[in-house]
Amino acid sequence: MKQLRCPLNGVRPVSEFAYAGEVRDMPDPDACTDPQWADYVFNRSGVPGVKREWWCHIASGYWFIAERDTARDAVIDTYPVEKLREVHRA
Amino acid sequence: MFRRHERLRDSYDVVIIGGGGHGLAAAYYLARDHGVRNIAVIEKGYIGGGNTGRNTTIIRSNYLTPEGVQFYDESVRLWQDLSADFDLNLFYSTRGHFTLAHTDASMRTMRWRAEVNKHYGVKSEVVDAAYVKNALPMIDIECGGHAPVLGALYHAPGAIARHDAVAWGYGRGADQRGVEIHQETEVTGIDVEAGRIKGVRTTRGYISTSKVLCAVAGFTPRLLEMVGLRSPIYIHPLQAMVSEPIKPWLDPIIVSGSLHVYVSQTARGELVMGSTLDPYEVHQTRSTLDFTETLSAHMLDLFPFLSEVKIVRQWAGLADMTPDFAPIMGTTPIEGFYLDAGWGTWGFKATPVCGKTMSHTVATGRNHPLIAGFGLDRFARFELTGEKGAASVGH
Ligand SMILES: Cc1cc2nc3c(=O)[nH]c(=O)nc-3n(C[C@H](O)[C@H](O)[C@H](O)COP(=O)(O)OP(=O)(O)OC[C@H]3O[C@@H](n4cnc5c(N)ncnc54)[C@H](O)[C@@H]3O)c2cc1C
């Protein structure tokens, strides 16, 4: 993958983007236990697979979501954050 | 160099997963120092074919945390007589190691590291730009004017060694003491019953055992998934490259955190160069042009006279990164499952001391005192061992 399709700016070189890790659900900090909170803060799914990730187009400061197969380094889809909320509600 | 074993036995006292330097060193010291010889080392490829054979072999102990400094210092001590121990030349070459500082902030970190290092008896001192220029006449100390070198942390014991030979030395030594090394054999599952290790499934059959040491670097999350443990380890590729051989001009090892460069010159004259991690998670060892371009540009900031020198090879390994840049070692919540992981971009230098401390831990079931700061449980206690200031680029 040398290029990435930004939902706002179209196809751009991957060097214009910053990766910010997998999308994860934050537990309610007031309701969860200390171990649950530590699990959220530190633990990651380090195994290869299709992951939903935060990416930012640096020049325009635009955040969006990419679905990417980390085993093949192949981008399956990119879409605006709003769509993630829809996916979450569904 | 080794015996070849036609078949796996039904059971072993200890199964070591991963025939990199770490797994083989643990097997060697288990057999030599603890009298445990009924061991199988299971390696899915060939020994040393993982990060051990892909790394840029920088050995040093000028870390930042007391836990790190003492641990790596013991490793540097163990390296000294390994060639004699193995009767195999590891081409261990003490060069001295400069970590260049281009900003006030990095000068501060250098002073901090020098003080911690000296406190634990590690040779380490802050030097000024004139000292660096004198030791390294070929450097452009101004870096073209945009990132002048202000000074450096100088670490006299800094060294390089022949990586393959380390795997062969430990492997042969273990083999001679009765350890079975099974190459081209992949672990596909680990059986846990009532919180205890029962056995290991492999592509060549089932093994029952009560002790497993997992030393698989970039594959650690996949093995942890087999036993149902979670960890903070995440995987990014780390690349390196080598130039054509040129006349010897670079004796010490040079690291610049600000420019994301480290470089040494081998006995054959090649420049071995590396940089930071690839910017996102990938489980593939492909190379990129981005890496070669960026690293070459930064190399030329420091050494403009290299502009005509050709790059002849580049490659990558899978680095098992942790949030605090310290490893994850020792016992785990599963009885009989021991972990030697989270070695990211910095674990080659630790090969001997990992073998020593993990063999003790596996033999006795209790963590060696030197690895007390590296347990998997430190994250749940929010007690990190913050080594980033000394490990992020420098390896
Ligand atoms: C480009 C690069 C440069 C580096 N530079 C330095 C440096 O200058 N100094 C330094 O100290 N460190 C450096 N490192 C880090 C260092 O290489 C590693 O931390 C160290 O070599 C790890 O050794 P290991 O034995 O734990 O892992 P490895 O050598 O990776 O061995 C793990 C083995 O496990 C095997 N395996 C995995 N899964 C399975 C399975 N399911 N079944 C059976 N076998 C399996 C693999 O095939 C592999 O051979 C660098 C790393 C890279 C990639």
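Summarised in this report is the structure supplied together with it. Remember, it's a predicted structure, so these values are computed and weren't measured experimentally. Every residue gets a number counted from 1 within its own chain, in the order that chain's sequence is written. Here every chain gets a letter starting at A, and every ligand a number starting at 1, in the order they are written. Thresholds applied to this predicted model are a pLDDT of at least 70 for local features of residues and 80 or more for the giving and counting of side-chain atom pairs; totals over whole chains, interfaces and linings are not thresholded and use all residues. With hydrogens and water stripped out, all remaining heavy atoms of the structure feed into the side-chain values.

A few words now on the sheet that holds strand β15 (residues 261-265) of chain B. Residue and element names in this part refer to chain B. Across the sheet, eight strands lie side by side as β5-β6-β4-β14-β15-β16-β13-β17; this open sheet has mixed pairing. Looking along the sheet, the strands with just one partner apiece sit at the ends: β5 (125-128) and β17 (311-321). Recorded for the sheet is a direction-independent mean angle of 20° between the axes of neighbouring strands. The contact definition used throughout considers only heavy atoms, calling two residues in contact when any of these lie within 4.5 Å. For helices, the fitted axis covers only the stretch in contact; all axes are lines through C-alpha atoms, and the angles between them, taken along N-to-C directions, range from 0 to 180 degrees. Numbering of helices and strands runs from the N terminus; a helix is a DSSP stretch of H or I covering at least four residues, while a strand is a stretch of E covering at least two. Across the sheet, helix α8 (residues 289-302) lies against β4 (97-101), β13 (234-243), β14 (253-256), β15, β16 (271-274) and β17, angled at about 55° from β13, the strand it touches most. DSSP calls a pair of strands paired once it identifies at least 2 bridges connecting them.

For the rest of this paragraph, the subject is the interface of chain A and chain B. Listed as interface residues are 22 residues of chain A and, on the opposing side, 22 residues of chain B. Around 1900 Å² of area is buried between chain A and chain B when both sides are counted, 59% of it from carbon and sulfur atoms. By salt bridge we mean one thing: a side-chain nitrogen of Lys or Arg within 4 Å of a carboxyl oxygen of Asp or Glu. Seen at the junction of chain A and chain B, the total is three salt bridges. Where Lys51 of chain A meets Glu281 of chain B, a salt bridge forms, and the shortest distance between an N and an O atom there is 2.6 Å. Here the quantity called buried area is the accessible surface, traced with a 1.4 Å probe, that two parts lose on coming together, added over both.

Before going further, it helps to spend a moment on the site of the ligand. Residue and element names in this part refer to chain B. Not every one of the 38 residues close to the ligand is listed here, only the nearest: Glu43, Asn51, Thr52, Thr56 and Lys349. Polar contact is defined as a pair of N or O atoms within 3.5 Å, subject to the rule that within protein one atom must be able to donate a hydrogen and the other to accept it, and that residues adjacent in sequence are counted only when both atoms are side-chain atoms. Contacts to the ligand include Lys349, whose side-chain N or O atom sits 2.8 Å from an oxygen atom. Alone, the ligand offers 1000 Å² of accessible surface; in the complex the protein occludes 98% of this. For the shell around the ligand, the elements supplying multiple residues, two or more each, are α1 (21-33) and β13. What makes a residue near a molecule or strand is one non-hydrogen atom of that residue sitting within 4 Å of it. The Shrake-Rupley method, run with a 1.4 Å probe, gives the accessible areas here. Residue values count only the displayed protein chains as cover.

What follows is about unusual backbone geometry. Working note: non-glycine residues mostly have negative phi, and peptide bonds are mostly trans. Residues and elements named next belong to chain B. In this structure, Thr57 takes a positive phi of about 60° despite not being glycine. Looking at the element boundaries, Thr57 is found in the loop between β2 (39-42) and α2 (66-79). Within the chain, Ala194 stands out as a residue other than glycine whose phi angle is a positive 50°. Counting through the fold element by element, Ala194 comes out in the loop between β9 (187-193) and β10 (196-202). Under the scheme applied here, a residue whose accessible area is under 20% of the maximum for its type counts as buried, over 50% as exposed, and between as partly exposed, the area being computed with a 1.4 Å probe on protein chains only. Judged by relative accessible area, Ala194 falls into the exposed class, the value being 81%.

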